[in-house]
Amino acid sequence: MTSELFSPLTLRSGQVLKNRIAKAAMEENMAGDGQLPDRDLLSLYRRWAAGGTGLLITGNVMVHAEALTGPAGVVLDAHAPLEPFAEWAKAGKSGGGAIWMQINHPGRQVASDMPGVVWGPTDIGVSLGKHSSRFGRPTAMTAQQIADTVTRYAVTARRAEEAGFDGVEIHAAHGYLLSQFLSPLVNKRTDRWGGSLENRARMLLDIVRAVRATVSSSFAVAVKLNSADFQRGGFGADDARQVIEMLAPLGVDLVELSGGSYESPAMTGRPADDRTQAREAYFLDLAEDLVTTSPLPLMLTGGITRRATAERVLDSGVSVVGMGTALAVTPDLPERWRQGREADRAMRPVTWSDKALASAASMAQVRHQMRRLARGGTTRPGTHPAIALLSEHRKQRRALRGYRAWLSKSRPTA
């Protein structure tokens with residue numbers, strides 16, 4: 001069977017994706033010693049590469065060694081050895097598709113027990129009710145810290161290209177640092193980085209310019225952007241439309257649309273908007289509006305598990321279909337679709353009323369599947385979310401001890 005799903009896509013950079021199916025970024029939290037990709041991560045990406053996707057986007061790679069989304073996060077900065085990343089790129093391209101590195105800074109979304117820094121546009125912390133204490137209290141970034149962070153993104157992008165990656169995706173969604181700057185609820189600055197949307201987007205635009213200036217013209221540069229934050233008074237669809245227009249002249253190849261943050265975890269299928277929660281493609285209604293005016297190709301991620309849904313997404317004008325959980329459960333799903341088959345299993349839903357815990361459990365379930373794939377095993381999507389969450393907690397405690405030791409002994413402070 002053939003369809004637009006399996007047609008190539010040529011990007012502005014001249015890079016050609018072999019089909020319209022992408023593995024969207026999922027936070028693996030599987031770094032080995034020294035916060036580097038190791039054999040498990042390479043094995044996982046070989047599994048995905050063999051599954052038929054046109055594009056693999058890595059889980060977020062940290063640009064700042066002192067600011068990680070989790071203690072087993074991968075770090076690529078000016079000091080990291082390149083050989084493990086070259087092996088990662090090779091593994092990701094082993095099936096004939098492209099691999100992009102998602103690059104990120106967590107900003108204020110850093111656990112309170114993590115060493116290092118907790119930064120944000122202002123000192124407004126993550127608000128999760130009784131779970132708020134799980135996150136550190138941020139300090140407002142200085143102008144110098146903002147400039148240094150822009151440089152870090154550019155350094156990571158340049159080194160990703162040197163390692164053999166085909167592109168980078170700058171993460172400006174899900175409540176991480178750049179999303180925080182975009183949000184009028186979090187960014188209350190009164191200087192050139194706050195106030196108007198143009199000011200709130202300044203850091204993202206400066207990073208895109210810096211990255212594009214330091215990589216080759218054939219290297220893809222993408223941005224992951226919230227279609228909406230799903231918070232009253234927050235970053236919304238009209239803001240997304242304007243930011244996409246701002247990105248268009250800067251050499252961006254693709255904008256991936258998602259939504260939500262830790263405070264409103266729409267990206268895990270539990271958005272505040274019940275209408276959206278019931279949909280299989282969580283953000284398609286917003287994407288359908290944005291695609292009519294977007295000067296850039298769009299990729300849509302969130303809840304897509306069936307070929308018919310993927311076809312509907314492309315029919316809306318979206319250029320690339322992104323999948324995360326579906327590929328963590330069935331890594332060869334694109335090849336199955338090509339053969340006219342569907343997945344024979346699905347992730348056990350998390351129906352807990354506590355949205356913060358449900359989101360954490362959902363992510364733990366996904367990581368449980370990824371670790372099984374990395375070890376060469378089959379997935380077990382029926383694993384109880386409480387068991388997955390407990391197992392994840394134990395792994396993260398061990399990883400935290402390793403990260404603390406590494407940071408205190410091996411890394412220059414910034």
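It should be noted that the structure appears before, not after, this text.
Residues numbered from 1 in each chain as written. Predicted model: local features only at pLDDT ≥ 70, side-chain atom pairs only at ≥ 80, totals over all residues. Heavy atoms only, no water.

A. Main features of the overall build of the protein chain. Counting its regular elements, the protein chain contains 14 helices and 13 strands. Relative to the 2.2 N^0.38 estimate, which gives 22 Å for 414 residues, the radius of gyration of the protein chain is 19 Å and therefore close to what a compact globule would have. Expressed as lengths along the three principal axes of its C-alpha atoms, the size of the protein chain is roughly 55 × 45 × 45 Å. Buried positions account for 62% of the 414 residues belonging to the protein chain. A fraction of 71% describes how many contacts in the protein chain between residues 6 or more apart in sequence connect residues 24 or more apart. With the model as given, the accessible surface of the protein chain reaches about 15300 Å², and the carbon-plus-sulfur share is 50%. Once the 51 positive and 41 negative side-chain charges of the protein chain are each reduced to a mean point, those two points are 6 Å apart. (Helix = DSSP H or I, 4+ residues; strand = E, 2+ residues; numbered from the N terminus. Rg over C-alpha atoms; globule rule 2.2 N^0.38 Å. Buried < 20%, exposed > 50% of the residue type's maximum accessible area, 1.4 Å probe, protein only. Contact = heavy atoms within 4.5 Å. Areas by Shrake-Rupley, 256 points an atom, 1.4 Å probe, with all protein chains shown as cover. Lys, Arg positive; Asp, Glu negative; His and termini not counted. Charge placed at Lys NZ, Arg CZ, Asp CG, Glu CD.)

B. Seen up close, the pattern of salt bridges. Counted according to the given criterion, the structure contains 18 salt bridges. Where Glu 27 meets Arg 367, a salt bridge forms, and the shortest distance between an N and an O atom there is 3.1 Å. Of this pair, Glu 27 sits in the loop between strand S3 (21–23) and helix H1 (39–49) while Arg 367 sits in helix H13 (residues 355–374), and the two are 340 residues apart along the sequence. Taking the relative accessible area as the measure of exposure, Glu 27 reaches 15% and is therefore buried. (Salt bridge = Lys/Arg side-chain N within 4 Å of Asp/Glu carboxyl O.)

C. The arrangement of unusual backbone geometry in detail. Notably, Asn 29 is not glycine yet its phi reads approximately 50°, a positive angle. Relative to the helices and strands, Asn 29 is located in the loop between S3 and H1. Here the phi dihedral of Gln 35 falls at roughly 60°; this positive angle occurs in a residue that is not glycine. Its location among the elements puts Gln 35 in the loop between S3 and H1. On the basis of relative accessibility, which here comes to 4%, the residue Gln 35 falls in the buried class.

D. Spatial organisation of the packing of helix H7 (residues 237–247) against helix H9 (residues 284–291). Running from N to C, H7 and H9 point in directions that differ by 45°, and their axes come no closer than 10 Å. Classified by the angle their axes make, H7 and H9 are oblique. As H7 packs across H9, the resulting crossing turns out to be right-handed. For the pair H7 and H9, the contacting residues are Ala 237, Ala 240 and Arg 241 in the first and Leu 286, Asp 289 and Leu 290 in the second. Looking at the contact of H7 with H9 residue by residue, the class counts come to four nonpolar, no polar and two charged. (Axes fitted to C-alpha atoms, helices over the stretch in contact; angles between N-to-C directions. Parallel < 35°, antiparallel > 145°, perpendicular 65-115°, else oblique. Left-handed = near helix turned anticlockwise from the far one by under 90°. Nonpolar A, V, L, I, M, F, W, Y, C, P; charged D, E, K, R; others polar.)

E. Broad picture of helix H10 (residues 307–315). Taken as a whole, H10 has its buried residues at Arg 307, Thr 309, Ala 310, Glu 311, Val 313 and Leu 314. Those residues of H10 that are buried are in contact with H9, strand S12 (298–301), strand S13 (320–323) and helix H12 (333–338). Backbone geometry just after H10 places Gly 317 at a positive phi near 110°.

F. Broad picture of the packing of aromatic side chains. In the structure shown here, the tally under the stated rule is five aromatic pairs. Grouped by ring-pair contacts, the aromatic residues Tyr 45, Trp 48, Phe 85, Trp 88 and Phe 165 constitute a single cluster. Taking the ring centre of Trp 48 as reference, the NZ or CZ of Lys 23 above it sits at 4.6 Å. Taking the ring centre of Trp 193 as reference, the NZ or CZ of Arg 192 above it sits at 5.1 Å. (Phe/Tyr/Trp six-rings, centres within 6.5 Å; stacked < 30°, edge-to-face > 60°. Lys NZ or Arg CZ within 6 Å of the ring centre and 35° of its normal.)

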